[in-house]
Amino acid sequence: MSAHTRRRRWALTLAAVLSGTVALAPDVAVAAPPPGIVVENGATQPVFSLAEAVRETVHVRSDMDSDADGLPDTITAQVIRPQETTSGLTVASIVKASPYWTVQSTAARRGTVTDPITDPATHWSGWLDEYFVPRGYAVLEVEIAGTGTSEGCLSVGGAEDARSVAAVIDWLNGRRTATYGDGSPATATWSTGSVGMYGVSYDGTLATQVAETGIDGLRTIVPVGAISSWYDYTRAQGIGYRSWSTRYMQGFTSRWGNSASQLDCAARYQGIGDGETQAGWDHGPFFVARDYRDAVDRVTASVFLVHGQQDDNVKTTQWGRYWDQLSAHAVPRRVYLHDGAHVDPFSNEPRDPVGRWMDHWLYGIDNGVMDEPQATVARPDGTRVTEATWPPTTTTQTSLHLGPAGNGGAGSLTGAPVTGSQQFTSSDTVAEATMVASPGTAQSYRLAYLGPTLSSAHRLSGAARVEVTFTPATASTPLTALLVHYTGGSSTRVVARGSLDAKNRTSLTTATPLTPGQQHTGTILLEPKDYVFPAGSQIGLILTGNLDAFVHPDDQAGQVTVALGASRAVLPLTVAPAPACTAPAWQPTSIYQTGDVVSHGGHRWRAQWWTQNQEPGTTGQWGVWVDLGLC
């Protein structure tokens, strides 16, 4: 039995075990739903009135004094719970914690913040209360320290963020005290102690952070577009994303910290900025404290990850690397990958997947969610696929070696290494759309490589990497790779991106300058994706240095020579079987008349006139053979 399973079994209440209301199942950590909760077809039913629900504000006494005023910080939570909880009904709780309740911020007043994820106008602007309260849950919206009306200092991913939420979970479990606004005691006698957390962006990040503490009572989390490492949020491998400055986090405190914290926490906020600046683009203690993947062995909650594959704010690196750790530690998990950007897909989609997940983990309802496929992936065309495990067991690490240029332009992606080298000279002014355009045309600022036209679909499931052996002309340069879907020579989609500061080729914590003229090797890690390159398309790879709007430019970057034979892309691919060609195979000795159709090279071909010994695919646009496409 794993340590994780032992901890979850230990977390079952002794009373529930002794009373026989719950079995020691490996994936259920709570007793059956309390009396009054209506369950049909494995799901709680909306039988309670939202209009008549109890609405209250409580101030929970935490275990910290982050603003150093000599008193424990109080954390504000807005609560909605069924009216029946005043007469004996006990319910589980859904917690959404956030820093974004300080709507009086300068940015909000000036109208410069418009993203509804990061600037909710008021409490209860989402869907959680409308969905869960009628089904017999309490919903709490928690203002973390230094935001809203909570006391203390905002820490932007630091320990105080998690301790703010932990105080409320402790209160729901009878381990902390709270008061109402008039100072009278507020007790959560209506709480079963079972808590789930849901949140998008920073709100989901808080769920991930709190889960790493292993706090008793937190049974499950649903992080949507959430951060699992603040280093990976603001930085690639040793180089900053263009969107963020080296004092981004201090800027966040001035934007979202409440007025009291701006005065009482000024020195702490300055310290956050100093810590980030001193780290530079490297990884160090400041970011180690803001990494929620390094102690997944402490996680006792189940995890339902949700992420958009086109999220360029919280990049897919966040869920992918977290998923790897959850898998390694056998944490009960599920993932839903949608094809959107930084959004909550359940704002517009049915909420039942989340509801059934919460029903199972908070009320112990045996509804089969843990027997269902582990992963759901929404494709660009709106179709969905499910997988028993992710990545699919059919995924293999496929090496595509960099080949020499053909026709004076694009290089090739081949199955075997070749000799030779190619050069590019970094530019910090070329936009991505220009960088990936016309791969068959040589450009000084990039190297382009194209695979053959695919005869069958190739599915990417995971994080690709590009291993580059290179000789720089300068002591510093980024290495940036773009994995591109090409159709007919034109870019259909940039599938995944990655960038490496070559000075961090051996360590993210310590940069080592390059030696100009000397050969080095580095590995560029790309964002994990689940994407299908359809039959008839081409897999493309762009190599460059600086990339405008993606990473901060390196002014030293110059010419880079890439050794083809020692460089390759490694892609986690599943290759669909090629469709069978039913037309007779072309034979060089056979005579073909006008209209005859043959198969050759995975395509069907039609003869336009009499021919013999003219190979399909070699006769050109105006030749005897017309390409009828893949077969």
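It should be emphasised that the depicted structure is a prediction, and the values quoted were computed from it without experimental measurement. Each chain has its residues counted from 1, following the order in which its sequence is written. In keeping with the predicted nature of the model, local features appear solely for residues at pLDDT of at least 70, side-chain atom pairs appear and are counted solely at 80 or more, and the whole-chain, interface and lining totals rest on all residues. Hydrogens and water molecules were not included; the side-chain quantities draw on all heavy atoms of the structure.

Draft legend 1. Just the overall build of the protein chain, in detail. When helices and strands are tallied, the protein chain shows 14 helices and 31 strands. Only C-alpha atoms enter the radius of gyration, while the globule expectation follows 2.2 Å times N to the 0.38, with N the number of residues. Its C-alpha atoms give the protein chain a radius of gyration of 28 Å, within 12% of the compact-globule value 25 Å for 631 residues. Overall size of the protein chain, expressed as C-alpha extent along the three principal axes, is 95 × 55 × 50 Å. Exposure is judged per residue with a 1.4 Å probe applied to protein chains only, and the accessible area is read against the type maximum: over 50% gives exposed, under 20% gives buried, and values in between give partly exposed. Within the span of the protein chain, comprising 631 residues, buried residues form 55% of the whole. Throughout, a contact is declared for two residues whenever any of their heavy atoms are within 4.5 Å. Taking all contacts inside the protein chain whose residues are at least 6 apart in sequence as the whole, residues at least 24 apart take part in 72%. Accessible surface area values rest on a Shrake-Rupley calculation with a 1.4 Å probe, where residue burial reflects the displayed protein chains alone. By element, 52% of the accessible surface of the protein chain is carried by carbon and sulfur atoms, the whole surface being about 24600 Å². Secondary structure elements are taken from DSSP: a helix is a run of H or I of four residues or more, a strand is a run of E of two residues or more, and numbering for both begins at the N terminus.

Draft legend 2. View of the pattern of salt bridges. Salt bridges are defined by distance alone: a side-chain nitrogen of Lys or Arg within 4 Å of a carboxyl oxygen of Asp or Glu. Enumeration according to the criterion identifies 24 salt bridges in this entry. Residue Glu276 is joined to Arg235 by a salt bridge in which the shortest nitrogen-to-oxygen separation is 3.4 Å. One end of the pair, Glu276, is in helix α10 (residues 266-279); the other, Arg235, is in the loop between α7 (230-234) and α8 (248-256), and 41 residues separate them in sequence. Between Asp274 and Arg247 there is a salt bridge, with its nearest N and O atoms 2.9 Å apart. With a gap of 27 residues between them, Asp274 in helix α10 and Arg247 in the loop between α7 and α8 connect regions that are remote in the sequence. By relative accessible area, Arg247 is classed as partly exposed at 28%. Residues participating in the shared-partner salt-bridge network are Asp170, Arg175, Arg176 and Asp216.

Draft legend 3. Fine view of the packing of aromatic side chains. Stacked, edge-to-face and tilted labels apply to pairs of Phe, Tyr and Trp rings (six-membered ring for Trp) whose centres lie within 6.5 Å, assigned for plane angles under 30 degrees, over 60, and everything in between, in that order. Applying the stated rule across the entire model yields 27 aromatic pairs. Look at Phe132 and Tyr137: their rings are 5.1 Å apart centre to centre, the planes differ by 80°, and that puts the pair in the edge-to-face class. Of the two residues, Phe132 and Tyr137, neither departs from the other in class, the shared state being buried. When the ring of Trp319 is compared with that of Trp323, the centres are 6.1 Å apart and the planes differ by 65°; the resulting orientation is edge-to-face. Taken together, the positions of Trp319 and Trp323, both in helix α12 (residues 317-328) and 4 residues apart, correspond to about one turn of that helix. With a relative accessible area of 1%, Trp323 lands in the buried category. In this structure an aromatic cluster arises from ring pairing among Tyr100, Tyr202, Trp230, Tyr233, Trp244, Tyr248, Phe252 and Trp256. Cation over ring: Arg290 sits above Phe286, and NZ or CZ is 4.2 Å from the ring centre. Over a ring means this: the NZ of a Lys or the CZ of an Arg is within 6 Å of the ring centre and within 35 degrees of the ring normal.

Draft legend 4. Up close: unusual backbone geometry. Pro391 follows Trp390 through a cis peptide bond whose omega is 0°. Its location among the elements puts Pro391 in the loop between β13 (384-387) and β14 (396-403). Here Asn41, not a glycine, exhibits a phi torsion of approximately 50°, which is positive. The residue Asn41 is located in the loop between β1 (39-40) and β2 (43-44) in this model.

Draft legend 5. Region of interest: α10. Here, expected helix span is obtained from the residue count minus one, scaled by 1.5 Å. An ideal rise of 1.5 Å per residue puts 20 Å on 14 residues; α10 measures up with 20 Å between its terminal C-alpha atoms. Tyr269, Ile272, Gly273, Gly275, Glu276 and Ala279 are the residues of α10 that are buried. Across the axial projection of α10, the buried residues extend over an arc of 155°, all falling on one side. Across from the buried face of α10, at angles greater than 90 degrees, the exposed residues are Ala267 and Gln278. Looking at the buried residues of α10, the elements they touch are α7, α8, α9 (259-264) and α11 (285-288). Gly280 lies just past α10 and shows a positive phi near 60°. Read the arc as the range of directions from the helix axis to the C-beta atoms.

Draft legend 6. Examining the side chain of Arg135 more closely. You can see Arg135 is positioned in the loop between α4 (128-132) and β6 (137-143). Asp352 provides the closest opposite charge to the buried, unpaired Arg135, separated from it by 4.6 Å. Of note is the side chain of Arg135, whose polar atom sits 2.9 Å from the backbone oxygen of Tyr131. Setting aside residues up to four positions removed in sequence, Arg135 forms contacts with Ile37, Thr44, Gln45, Pro46 and Phe48. Charged-residue counts in this description rest on Lys and Arg as positive and Asp and Glu as negative, His and the chain ends being excluded. Any pair of N or O atoms that falls within 3.5 Å is considered a polar contact. Within protein, one atom must be able to donate a hydrogen and the other to accept it, and sequence-neighbouring residues count only if both atoms are side-chain atoms.

Draft legend 7. The arrangement of the nonpolar core in detail. What makes a nonpolar core is a set of buried Ala, Val, Leu, Ile, Met, Phe, Trp, Tyr and Cys residues whose side-chain atoms join them at distances within 4.5 Å. Within the largest apolar cluster, 121 residues are counted, with the highest numbers of intra-cluster contacts made by Phe132, Leu140, Trp171, Met197, Tyr198, Leu218 and Trp230. No other element matches helix α5 (residues 159-172), which puts 8 residues into this core. Apart from residues no more than four positions distant in its own chain, Leu140 is found in contact with Ala77, Gln78, Val79, Ser93, Ile94, Val95, Lys96, Trp124, Val168, Trp171, Leu172 and Trp190. Core analysis: the next-biggest nonpolar cluster, separate from the first, contains 33 residues, Leu400, Leu413, Ala502 and Leu571 among them.

Draft legend 8. Looking closely at the confidence of the model for the protein chain. As a per-residue measure, pLDDT reflects the predictor's confidence and takes values from 0 up to 100. Within the protein chain, residue pLDDT values average 90, and 90% of them lie at 70 or more. Below a pLDDT of 50 lies the segment residues 1-26, which in the model reaches 38 contacts outside its immediate sequence neighbourhood of four places, other chains included.

Draft legend 9. Fine view of the state of the cysteines. Note on terminology: pairs of cysteine sulfur atoms within 2.5 Å are recorded as disulfides. With the rule as written, the count across this model stands at 1 disulfide. Across a sulfur-sulfur distance of 2.0 Å, Cys153 and Cys265 are joined as a disulfide pair. Disulfide Cys153-Cys265: the torsion about the S-S bond is -85°, which places it as left-handed. Residue Cys153 is found in the loop between β6 and α5, and its partner Cys265 is found in the loop between α9 and α10; the two are separated by 112 residues along the sequence. Residues Cys153 and Cys265 agree in their burial class; the two are buried.

Draft legend 10. Geometry of the pairing of strand β10 (residues 302-308). Burial within β10 is extensive, with 7 of its 7 residues counted as buried. By the alternation rule, side chains of β10 split into Ser302, Phe304, Val306 and Gly308 and Val303, Leu305 and His307, which are all buried. Relative to β10, strand β9 (residues 218-224) runs parallel, the two sharing 3 bridges. The partner of Ile221 across the bridge, within β10, is Val303. When DSSP finds two or more bridges between two strands, those strands count as paired. Across 6 bridges, the pairing between β10 and strand β11 (residues 333-338) is parallel. Paired with Val303 across the strands is Arg333, a residue of β11. In this fold, β10 hands off to α12, which returns the chain to β11; that crossover is right-handed. Handedness of a crossover is defined as follows: with both strands directed away from the viewer, a clockwise route from the first strand across the helix to the second makes it right-handed.

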